[in-house]
Amino acid sequence: MSVPTRQIRARHSADTITVYQAYPPQIALPAVAAGRLVVPFKRDRMTWIKPSFLWMMYRCGWATKPGQERVLSIDITREGFEWALARACLSHYDRDLHGDRATWSRQLKASPVRVQWDPERSLHLKALPYRSLQVGLSDEAVDRYVDEWTVAVTDITPTVHRVRDLLRGGDEAAAAAHLPNEQVYPLPVQIAAGLHIDPHATAIDVPERQ
């Protein structure tokens, strides 16, 4: 079965969704201890969260890139995640959604959340023909992410290293067995439309979370 070009896939429960971030130890370790991001994490910079484990692995190089040596699995409330998506603006201009570039530019400047769709990655981090969502949080959205939405912060770097080592050893089946179970994330129709998601891919006919 083919995968829609734009679809959110994530590890999620009835109340939470898991996103990933990678940081140096001086940010990651205090965050794990506190159960949320704390100083020296800086709130005045846009922070990007990623529901896709393999896209995170592509971005951090299996936790080998400088400044991304620790990978965090962060459970946040679905209510918060959907609050962000309902107020998001695409990071690139889309004529079908925005009408003209001036309208898009105004929305981009006014929104505390940006989203972009990048090629999803395979187990070997090769680009796939469908996309993965990245969510950029700034201003009010960052404060809510840190203070209200975060439920748990887990350092999964040992698992990341284990998967990498299994792949290097040629045991793809064992490596794949360590991957999180990411399922299609259902979204209210109104939010899906704003993200240029095919309504049949993830949308459900329910009210937006306020």
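Throughout, residues of each chain are indexed from 1 in the direction in which the sequence is written. The predicted origin of the model limits local features to residues at a pLDDT of at least 70 and limits the giving and counting of side-chain atom pairs to 80 or more, whereas totals for whole chains, interfaces and linings rest on all residues. Note: side-chain values were computed over all heavy atoms of the structure, leaving out hydrogens and water.

Participant: How should I be thinking about the pattern of salt bridges in this particular structure?
Facilitator: Pairs can form between side chains of opposite charge whenever their charged atoms are close. Should a side-chain nitrogen of Lys or Arg be within 4 Å of a carboxyl oxygen of Asp or Glu, the pair is scored as a salt bridge. Scanning the model with the defined rule gives nine salt bridges in all. Among the ionic pairs, Asp75 bridges to Arg11, the shortest N-O distance being 3.8 Å. Pair noted here: Asp75 is in strand 4 (residues 70–77) and Arg11 is in the loop between strand 1 (9–10) and strand 2 (16–23), with a separation of 64 residues, a long-range link. Each of the salt bridges in this network shares a partner with another, and the network as a whole consists of Arg36, Arg43, Asp143 and Asp147. Strands are runs of DSSP state E lasting at least 2 residues, helices are runs of H or I lasting at least 4, and numbering of each runs from the N terminus.

Participant: Help me out: how do you make sense of helix 5 (residues 101–110) in this one?
Facilitator: Every α-helix winds through 3.6 residues per turn, so residues three or four apart in the chain are directed the same way. Buried within helix 5 are the following residues: Thr103, Trp104 and Leu108. Across the axial projection of helix 5, the buried residues extend over an arc of 135°, all falling on one side. Exposed residues on helix 5 whose side chains face more than 90 degrees from its buried face are Arg106, Lys109 and Ala110. Exposure classes here rest on a 1.4 Å probe applied to the protein chains alone. A residue is buried below 20% of its type maximum, exposed above 50%, and partly exposed in between. In this description, one arc is meant: the one made by directions from the helix axis to the C-beta atoms.

Participant: I would appreciate a short explanation of the confidence of the model for the protein chain in the present structure.
Facilitator: For any part of a model where pLDDT is low, the fine detail of the predicted coordinates should not be relied upon. Residue-level confidence of the predictor is summarised by pLDDT, bounded by 0 at the bottom and 100 at the top. This prediction gives the protein chain a mean pLDDT of 91; 90% of its residues lie at or above 70. In what follows, a contact means two residues having at least one pair of non-hydrogen atoms within 4.5 Å. For the stretch residues 205–210, pLDDT sits under 50, and the model shows 13 contacts to residues farther than four places along the chain or on other chains.

Participant: Is there a simple way to explain unusual backbone geometry in this structure?
Facilitator: Among all residues save glycine, negative phi is the norm, and among peptide bonds the norm is trans. The omega angle of the peptide bond from Val39 to Pro40 is 20°, so this bond is cis rather than trans. Position of Pro40 relative to the elements: it lies in the loop between helix 1 (25–34) and strand 3 (47–49). At Ala63, a residue that is not glycine, the phi angle is positive and equals roughly 65°. Counting through the fold element by element, Ala63 comes out in the loop between helix 2 (53–60) and strand 4. Despite not being glycine, Asp139 shows a phi value in the positive range, around 50°. Considering the arrangement of structural elements, one finds Asp139 in the loop between strand 7 (127–137) and helix 6 (140–149).

Participant: Explanation requested: the pairing of strand 6 (residues 113–121) in the structure shown.
Facilitator: Remark: a regular strand shows side chains that alternate across the two faces of the sheet. Bridging between strand 5 (residues 88–90) and strand 6 involves three bridges; their strand directions are parallel. Its bridge partner lying in strand 6, Cys89 is registered against Arg114. Pairing of strand 6 with strand 7, which is carried by eight bridges, proceeds in the antiparallel orientation. Bridging across to strand 7, Trp117 finds its partner in Leu133. From the end of strand 6 to the start of strand 7, which pair antiparallel, there are five residues, and Leu125 there has a positive phi angle of about 65°. At least two DSSP bridges between two strands are required for those strands to pair.

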